[in-house]
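Understanding the architecture of this molecule
Below are the chains, spelled out letter by letter.
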Amino acid sequence: MRRQLEQWKTCGTITWFRLTRKLKKPDFTGAIRKGGSGIRSALIILPEGRENSRIARYFLKSIYQNEHAKIDFLMDKRLYHTFQDSLPEKVKVYEDEDLNWLRLPRQTMVDRIFDRQYEAVVDMHPGFNLPSAYLTHISGAPLRIGFASKYSEHFFNVEIDSSKSEFLERSYLAVQKLLNL
């Protein structure tokens, strides 16, 4: 029942945003080239849930050594505690109190997370997650990357189709290659 209520709230919120024109399909005018230099700054939103912590840990370790980009990470405080000492310095955390009843980020959370501009914001949730998709959308970053889903076209200007890859790890690798990290 709770899951169904969450789905109704998500659908209603997105419908409201579309009707009030707060959401529209993003225009992407850039080009991604194989020989590109990559991005210089990014915010990577790690997925919620302990079942994703192993993959998130692997992803963190693989891109943390990158020296040409300033990368910040955002994660749920409950996931933060599963990492223990293997986290980089620039990890921002959020709690349920940072989200309103519709599960949208409160303004204080938005101000804390976007304390600087990012060239790319990546939502690493394999399934649609309204709070992280909304944060990605309002970031104003030229590259807003997320996984393809029912509502993703309204929030991301680059969508990764994870249904074709057998493992979530391959989808994460696609993001890493896309950003040249």
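The structure under discussion appears in the preceding block.
Described below are features of the structure shown in this document. Residue positions are given per chain, counting from 1 as you read along its sequence in written order. Side-chain atom pairs in this predicted model are given and counted only at pLDDT of 80 or more, local residue features only at pLDDT of at least 70, and totals for whole chains, interfaces and linings cover all residues. Each side-chain value is worked out from all heavy atoms of the structure, with water and hydrogens disregarded.

Considerations on the overall build of the protein chain
- A helix here means a DSSP run of H or I that spans at least four residues, while a strand means a run of E at least two residues long, and both kinds are numbered starting from the N terminus. Tallying secondary structure elements over the protein chain gives six helices and six strands in all.
- Each helix and strand of the protein chain, ordered N terminal to C terminal, gives the series α-β-α-β-α-β-α-β-α-β-β-α.
- Accessible area is worked out with a 1.4 Å probe on protein chains only. A residue is then buried under 20% of its type maximum, exposed over 50%, and partly exposed in between. Looking at the protein chain residue by residue over its 181 residues, the buried ones come to 48%.
- The contact rule is simple, with two residues in contact once any of their heavy atoms fall within 4.5 Å. Sequence-distant contacts, at least 24 apart, represent 60% of the contacts inside the protein chain between residues at least 6 apart.
- Values of accessible area rely on a 1.4 Å probe in the Shrake-Rupley scheme; residue burial ignores everything except the protein chains shown. Accessible surface, the protein chain: about 10700 Å² in total, of which carbon and sulfur atoms supply 50%.

Thoughts on the nonpolar core
- Side-chain atoms within 4.5 Å link the members of a nonpolar core, which is a set of buried Ala, Val, Leu, Ile, Met, Phe, Trp, Tyr and Cys residues. Ranked by internal contacts, the top residues of the largest apolar core, which has 20 residues, are Ile 39, Ile 44, Val 122, Ile 145, Val 175 and Leu 179.
- For Ile 145, the residues in contact, after removing those within four places along its chain, are Val 121, Val 122, Asp 123, Thr 136, Phe 156, Val 158, Ile 160, Val 175, Leu 178 and Leu 179.
- Counting residues in each nonpolar core, the second largest holds 13 residues, with Leu 43, Leu 99, Val 121 and Ala 141 among its members.

Notes on the pairing of strand 4 (residues 120-123)
- Of the two faces of strand 4, the one carrying Ala 120 and Val 122 and the one carrying Val 121 and Asp 123 are both buried.
- Paired strands, as defined in this entry, are two strands with at least two bridges between them according to DSSP. Bridging between strand 1 (residues 41-45) and strand 4 involves four bridges; their strand directions are parallel. From the neighbouring strand, Leu 43 faces strand 4, where its bridge partner is Val 121.
- Where strand 4 lies against strand 5 (residues 143-147), three bridges are found, and the strand directions are parallel. Considered in strand 5, the bridge of Val 122 is made with Ile 145.

Notes on the packing of aromatic side chains
- When the centres of two rings from Phe, Tyr and Trp lie within 6.5 Å, Trp using its six-membered ring, the rings pair. Their planes under 30 degrees apart give stacked, over 60 give edge-to-face, and anything left gives tilted. Summed over all chains, the structure comprises three aromatic pairs.
- Measuring from ring centre to ring centre gives 6.3 Å for Phe 114 and Tyr 118, while their planes differ by 70°; the resulting arrangement is edge-to-face.
- Cluster of aromatic residues (ring-pair linked, three or more members): Phe 128, Tyr 151 and Phe 155.

Observations concerning unusual backbone geometry
- Backbone geometry at Arg 103 places phi at a positive 70°, although glycine is not the residue there.
- For Arg 103, the position within the fold is in the loop between strand 3 (91-94) and helix 4 (107-113).

Looking at the environment of Ser 132
- Here Ser 132 lies in helix 5 (residues 130-138).
- Residue Ser 132 is classed as buried on the basis of its relative accessible area, which comes to 3%.
- Residues Ser 132 and Phe 155 lie 23 residues apart in sequence; the distance between their C-alpha atoms is 9.6 Å.
- Excluding its chain neighbours within four sequence positions, the residues that come into contact with Ser 132 are Ile 45, Asp 123 and His 125.
- Looking at Ser 132, its side chain comes within polar contact range of the side chain of Asp 123, at 2.8 Å. In protein, a polar contact requires one atom able to donate a hydrogen and another able to accept it; more generally it is a pair of N or O atoms within 3.5 Å, and residues adjacent in sequence count only if both atoms are side-chain atoms.

Notes on the pattern of salt bridges
- Any carboxyl oxygen of Asp or Glu that lies within 4 Å of a side-chain nitrogen of Lys or Arg is treated as forming a salt bridge with it. Within the structure shown, the criterion is met by eight salt bridges.
- Here Arg 40 and Glu 119 are joined by a salt bridge, their closest N and O atoms 2.9 Å apart. Here Glu 119 lies in the loop between helix 4 and strand 4 and Arg 40 lies in the loop between helix 1 (2-19) and strand 1, a separation of 79 residues in the sequence.
- The exposure class assigned to Arg 40 is exposed, which follows from its relative accessible area of 56%.

Functional significance is not addressed by these values, which are geometric in nature.
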